[in-house]
Amino acid sequence: SFLFIIAIINGSFLGGIRTALVVATFSSVLWGGLVTLQDTGRLALWLPALDLNPIGGKEMVGELGGRLVRILINTGACYLVAVLSGYLAGQLFISRRALVRSQAHIDRLADLNESIIQSIDSGLITMDQSGLVLSVNRAGLEILGQSLVDVVGRPWQFFLPQLEHILPQSPRSRAPLYDAGGLRFEYWRNADNRELTIELNVLALVDSGGDIWGRLFVLKDLTSLSLMEEAVRKAEHLAALGELASGLAHELRTPLASMTGAWHMLSEQSLEPEDQSRLIGIIGREMERLAKLTNDFLSFARPARANPRVFDLKSVVADQLKVFGHSLKAGVTLKSRLEATPPIFFDQDQLSQIIWNLLSNALEAGVKQNGLE
């Protein structure tokens, strides 16, 4: 008899509560008929080889009341199972339909999100805390000049080795690592042998619980902007160079006039030795002035290209102080107190010139303030 229950449940899942009630009605009638035939001994007559009467048909004929109770209990159980299974099947169908709609909505959102990520012109690189790349969008692959299969699953240092000693190994806060416009650096793309100017921003990736599980690299190709800025700087440089040239021509007149006058006076034979020495000193000073003006003009017109490298700041300052100490005048003393400093990354020649200029300006200001000749 338990197989009727299975049939009712199957009917509820196939057609809902209505089909379950129909199957329950059919099962109740069929089961009631079988019980009646069994109790009256009819099945034993049709199937003599089977003993279908555990007690005996003769004794069960008169038990009509017990038979009706059994039929009613089984019928009620069938209808109860039909209602419950039909209700559960309906709820399952509603949940399944809602799940399908939710999944379709999630798929649309995922497609929209992927379309937005792939459409923006900034490169997006996501990675876990260990630095392994998880995903890269189309712009990121174009900037790096790599394919997706060559990037995903590898550490980011493999593609951006020049940033390995600049960026921290793991994100420590949710705020962007570079707030003031990002970090600019030069990147050589091997795909087309081209040097790019890239701006990098690093952000932490946070889950719903607030824990940092990775970070995001945002790359922007600023090569065109950098070229435009360079063109503007050159135009401004040429304009300033023109103004400097006109000012230089005016500045050259004074030392040339002084030198010309001193030369004419030296050509006279009646000058005293003291006057001759003074005029020669004037010519020497004006020649140094002309040389300084010329050097300043050349330095501005053709600035030297920087050659940065790592060196010890303390040793460079000590060398400049040692050389500068030999050129001090009487009455001027030089005292220094140098402490150890970490290595710096800069152009050593330019820094040496800066230190020398600072010392010269300090000496000149001290001489004027104290009235020393």
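Above this text you will find the structure in question.
Residues numbered from 1 in each chain as written. Predicted model: local features only at pLDDT ≥ 70, side-chain atom pairs only at ≥ 80, totals over all residues. Heavy atoms only, no water.

### Let's talk about the nonpolar core
Turning to step 1, where the next piece is worked out: In this structure, I125, W156, L160, L163, L200 and F217 are the most contacted members of the largest nonpolar core, which totals 22 residues.
Turning to step 2, where the next piece is worked out: The set of elements that each furnish at least two residues to this core consists of β1 (123-128), β2 (133-136), α5 (138-144), β3 (183-189), β4 (194-206) and β5 (212-221).
Turning to step 3, where the next piece is worked out: Top element by residues in this core is β4. It accounts for four residues.
Turning to step 4, where the next piece is worked out: In terms of nonpolar packing, the next biggest core, distinct from the first, is built from nine residues, F311, V316, L351 and L359 among them. (Core = buried A, V, L, I, M, F, W, Y, C linked by side-chain atoms within 4.5 Å. Buried < 20%, exposed > 50% of the residue type's maximum accessible area, 1.4 Å probe, protein only. Helix = DSSP H or I, 4+ residues; strand = E, 2+ residues; numbered from the N terminus.)

### Topic: the packing of aromatic side chains
Turning to step 1, where the next piece is worked out: Within the structure shown, the criterion is met by two aromatic pairs.
Turning to step 2, where the next piece is worked out: Geometrically, the ring pair formed by W156 and F217 is edge-to-face, given 5.4 Å between the ring centres and 70 degrees between the ring planes. In this pair, W156 is assigned in the loop between α6 (148-151) and β3 and F217 in strand β5, connecting sequence segments 61 residues apart. This pair shows no difference in class: W156 is buried, exactly as F217 is.
Turning to step 3, where the next piece is worked out: Ring centres of F158 and F159 lie 5.2 Å apart, and the angle between their planes is 85 degrees; this geometry places the pair in the edge-to-face category.
Turning to step 4, where the next piece is worked out: The ring of F158 is capped by R154, whose NZ or CZ atom sits 4.8 Å from the centre of that ring. (Phe/Tyr/Trp six-rings, centres within 6.5 Å; stacked < 30°, edge-to-face > 60°. Lys NZ or Arg CZ within 6 Å of the ring centre and 35° of its normal.)

### Notes on the pairing of β2
Turning to step 1, where the next piece is worked out: As paired elements, β1 and β2 share three bridges and run antiparallel to each other. Bridging across to β2, I125 finds its partner in V136.
Turning to step 2, where the next piece is worked out: Where β1 folds back onto β2 in an antiparallel hairpin, the turn is made up of four residues, including G131, whose phi is positive at roughly 95 degrees. (Pairing = 2+ DSSP bridges.)

### So, the pattern of salt bridges
Turning to step 1, where the next piece is worked out: In the structure shown here, the tally under the stated rule is four salt bridges.
Turning to step 2, where the next piece is worked out: The partner of E142 in a salt bridge is R138, and the shortest N-O contact between them spans 3.1 Å. Of the two residues, E142 and R138 both sit in helix α5, four residues apart, roughly one turn of that helix.
Turning to step 3, where the next piece is worked out: The class for E142 is partly exposed, based on a relative accessible area of 47%.
Turning to step 4, where the next piece is worked out: In this structure, the salt-bridge partner of R189 is D192, at a minimum N-O distance of 2.8 Å.
Turning to step 5, where the next piece is worked out: Of the residues examined, R189 reaches a relative accessible area of 11% and is grouped as buried.
Turning to step 6, where the next piece is worked out: Overall, D192 belongs to the partly exposed group, its relative accessible area being 39%. (Salt bridge = Lys/Arg side-chain N within 4 Å of Asp/Glu carboxyl O.)

### Describing the sheet that holds β4
Turning to step 1, where the next piece is worked out: Read from one edge to the other, the open sheet built from five strands follows the order β2-β1-β5-β4-β3, with strand pairing classed as antiparallel. Single-partner strands in this sheet number two, and they are β2 and β3. Averaged over all pairs of adjacent strands, the angle between their axes in this sheet comes to 30 degrees, without regard to strand direction.
Turning to step 2, where the next piece is worked out: Summarising the sheet, β3 and β4 pair through seven bridges and their orientation is antiparallel. Of the residues in β4, the one forming a bridge with Y187 is L196. (Axes fitted to C-alpha atoms, helices over the stretch in contact; angles between N-to-C directions.)

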